[in-house]
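# Remarks on the overall topology
Each chain is listed here by its residues.
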Amino acid sequence: MRILRSVLIVDDTPQLRTVLGIALARYGDFEVVGEAGDGNSAIRMARTLNPDVILLDLAMPGMGGLEVLPHIRMSLPGTRIVVLSGFMADAVGMRALELGADDYVEKGSPARDIVARIEALFAAGDRAGCSARGGVSAMTG
Amino acid sequence: MSSPWLLDTLAGALVAVSFVAIGLAFLAQMLHEHRWTSGMAVAAALIFVVVGVRSGLNTVALVRPGPQTVALRAAVGGWATALDVVAALAGLYYWTLRSGFRDYVRGARLFNDLRDRQQEAMEIHDNVVQGLAVAQMALDLGEEERLRAALDQTMAAARDIISRRLGSSGVTTVDDGDLRRRSAASGRAPA
């Protein structure tokens, strides 16, 4: 049976959320359970939906991604957070990882590669010090 | 002029008025925009105010009746007067330019500080990089309609940014030579 991992997409560009959703469904076993267009909505939806993966943009209205990261990481220690940003990794990638992101992917990367990077996080096992939840733990064990 | 001190007094008064006004215009704009972080603009404003006040005090000393005034007037002339005249003309020239390049010379914006650059970078990121990212992903996915829509929107956004940048720099007309580039567009990503 195919188990789909739940994804919350956080980006203030609706068109990008749409194509990301298509790519996740086409190239991976993911299901988009929510979309947020700003930082405050992202925190609220993350706590409500408790997704397996959060794709997080950095430049957004209200709270930026770097401000959102610690809040989500504190609430959801087992959730994979992948920052997907238009800024070059050299500029803010390390800071994003310090604040709790699991990976940093530059926008403009091929759709397959982005999905593969997310899959790789699950293939690597549970987040350090955290037990995976629900269907995810059964798959990644 | 037979009395250099008269010319010096006139020039000094113009320097005082125009320079203090320039400094106060900078400070007023910074106050309006809450842009005190631009240390360079604050320093420039203070320089203009201090130089203007100093010139005003000299002018007052030249016209104030008193026993030392005659000796002071006699000492005026030569290079000092010439420099005062140049400074006065520069002050007047600034105010004529300011009316033509109103937005560009607004207070702290005269100095394209770090915050300005960050805001410009963010605008390009939000309007161009995001659009191209959508286009690239749509291309990967074979979503031709979304690809075309993303490219159209990005092109429109880029044109809008360029138009506003040119407008804010005071450029309202384009002369034939303005479109000459230093080198041909390579179409390659910058190194």
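As a starting point, this report considers the structure included with it.

Definitions and limits used
- Positions within a chain are numbered from 1, following the residues in the order the chain's sequence is written.
- Here chains are named by letter from A upward and ligands by number from 1 upward, in the order in which they appear as written.
- In keeping with the model being predicted, local features are shown solely for residues with a pLDDT of at least 70 and side-chain atom pairs are shown and tallied solely at 80 or more, while totals for entire chains, interfaces and linings include all residues.
- To get the side-chain values, all heavy atoms of the structure are used, and hydrogens and water are removed first.
- Put simply, a patch holds well-exposed residues, over 30% relative accessible area, that have no salt bridge, with like charges counted together within 9 Å and Val, Leu, Ile, Met, Phe, Trp or Tyr side chains within 5 Å.
- Each accessible area is a Shrake-Rupley estimate made with a 1.4 Å probe; only the visible protein chains count as cover when residues are assessed.
- The working definition used for a salt bridge is a side-chain nitrogen of Lys or Arg within 4 Å of a carboxyl oxygen of Asp or Glu.
- Counting from the N terminus, the helices are the DSSP runs of H or I reaching at least four residues and the strands are the DSSP runs of E reaching at least two.
- Each residue's exposure class comes from its accessible area (1.4 Å probe, protein chains only) as a fraction of the maximum for that residue type: buried when under 20%, exposed when over 50%, partly exposed otherwise.
- Only strands that DSSP links by at least two bridges are regarded as paired with each other.
- Look down the strands so they point away from you; if going from the first strand over the helix to the second traces a clockwise path, that crossover is right-handed.
- When two rings of Phe, Tyr or Trp (its six-membered ring) have centres within 6.5 Å they constitute a pair, described as stacked for plane angles under 30 degrees, edge-to-face for angles over 60, and tilted for the intermediate range.
- Think of it as a cone above the ring: NZ of Lys or CZ of Arg counts as a charge over the ring if it is within 6 Å of the ring centre and within 35 degrees of the ring normal.
- Pairs of N or O atoms are called polar contacts if they sit within 3.5 Å, as long as, within protein, a hydrogen donor faces a hydrogen acceptor (for residues adjacent in sequence, only side-chain-to-side-chain pairs).
- In this analysis, two residues are considered to be in contact whenever any of their non-hydrogen atoms come within 4.5 Å of each other.
- Buried area adds together the accessible area that both of two parts lose upon being put together, with accessible area traced by a 1.4 Å probe.

## Points about a nonpolar patch on the surface
Residues and elements named next belong to chain B. Taken together, Leu10, Leu14, Leu89 and Leu92 make up a surface patch of nonpolar side chains, about 360 Å² in accessible area. Going through the elements one at a time, α1 (4–33) and α4 (79–100) are the ones with two or more residues in the nonpolar patch. Counting through the fold element by element, Leu92 comes out in helix α4.

## Considering the side chain of A:Ser6
You can see A:Ser6 is positioned in strand β1 (residues 5–10). Assessed through its relative accessible area of 15%, A:Ser6 is described here as buried.

## Describing the pairing of strand β2 (residues 30–36) of chain A
All names here are of chain A. Here β1 runs beside β2; their pairing, made up of six bridges, is parallel. Considered in β2, the bridge of Ile9 is made with Glu35. Since β1 and β2 lie parallel, the crossover through helix α1 (residues 14–27) that links them has a hand, and here it is right-handed.

## A closer look at the pairing of strand β3 (residues 53–56) of chain A
Two faces make up the sheet, and in a regular strand the side chains alternate between them. Residue and element names in this part refer to chain A. Here β3 shows a buried face lined by Val53 and Leu55 and a second buried face lined by Ile54 and Leu56. Pairing analysis gives four bridges linking β1 to β3, with the strands arranged parallel. Across the sheet, residue Val10 finds its bridge partner in β3, namely Leu56. The pairing of β3 with strand β4 (residues 80–85) spans four bridges and is classified as parallel.

## So, the packing of aromatic side chains
Throughout the structure, instances matching the rule amount to four aromatic pairs over all chains. Measuring from centroid to centroid gives 5.5 Å for B:Phe19 and B:Phe48, while their planes differ by 65 degrees, and the two rings are edge-to-face. In this pair, B:Phe19 is assigned in helix α1 and B:Phe48 in helix α2 (residues 39–63), connecting sequence segments 29 residues apart. A residue is classified by how much of its surface remains accessible, and B:Phe19, at 13% relative accessible area, is buried. The exposure class of B:Phe48 is partly exposed, given its relative accessible area of 24%. With a centroid separation of 5.5 Å and 85 degrees between ring planes, the pair formed by B:Tyr94 and B:Trp95 is classed as edge-to-face. Exposure remark for B:Tyr94: the relative accessible area of 15% places this residue in the buried category. Taken together, the ring pairs connect B:Phe19, B:Phe26 and B:Phe48 into an aromatic cluster. Lying over the aromatic face of A:Phe122, A:Arg5 brings its terminal NZ or CZ to 4.0 Å of the ring centre. Over the face of the ring belonging to B:Trp5 we find B:Arg73, whose NZ or CZ atom lies 3.7 Å from the ring centre.

## A short note on the side chain of B:Thr9
All names here are of chain B. Turning to its location among the elements, Thr9 is positioned in helix α1. In this structure Thr9 comes out as buried when scored by relative accessible area, which is 12%. Within the local environment of Thr9, its side chain forms a polar contact with the backbone oxygen of Trp5, the two atoms lying 2.6 Å apart.

## Observations concerning the pattern of salt bridges
Residues and elements named next belong to chain A. Taken as a whole and judged by the stated rule, the model has nine salt bridges over all chains. A salt bridge links Glu119 to Arg5; its shortest N-O distance comes to 3.7 Å. Highlighted residues: Glu119 in helix α5 (residues 111–123) and Arg5 in strand β1, separated in sequence by 114 residues. Relative accessible area serves as the criterion here: at 6%, Arg5 is assigned to the buried category. Linking Arg95 and Glu98 is a salt bridge whose minimum nitrogen-to-oxygen distance equals 3.1 Å. One end of the pair, Arg95, and the other, Glu98, are both in helix α4 (residues 89–98), three residues apart, so they sit about a helical turn from each other. Salt bridges sharing partners connect three or more residues here, namely Asp11, Asp57 and Lys107.

## Some details on the interface of chain B and chain A
Counting residues at the interface gives 15 residues for chain B, matched by 22 residues for chain A. Both faces combined, the contact of chain B with chain A buries some 1500 Å², and carbon together with sulfur accounts for 65% of it. Summed over the three residues of chain B that lose the most area to chain A, namely B:Gln130, B:Met137 and B:Leu141, the buried surface amounts to 39% of that side. Seen at the junction of chain B and chain A, the total is one salt bridge. Between A:Arg26 and B:Glu143 there is a salt bridge; the shortest N-O distance is 3.5 Å. Between chain B and chain A we count nine residue pairs in polar contact (both at pLDDT 80 or more) in total.

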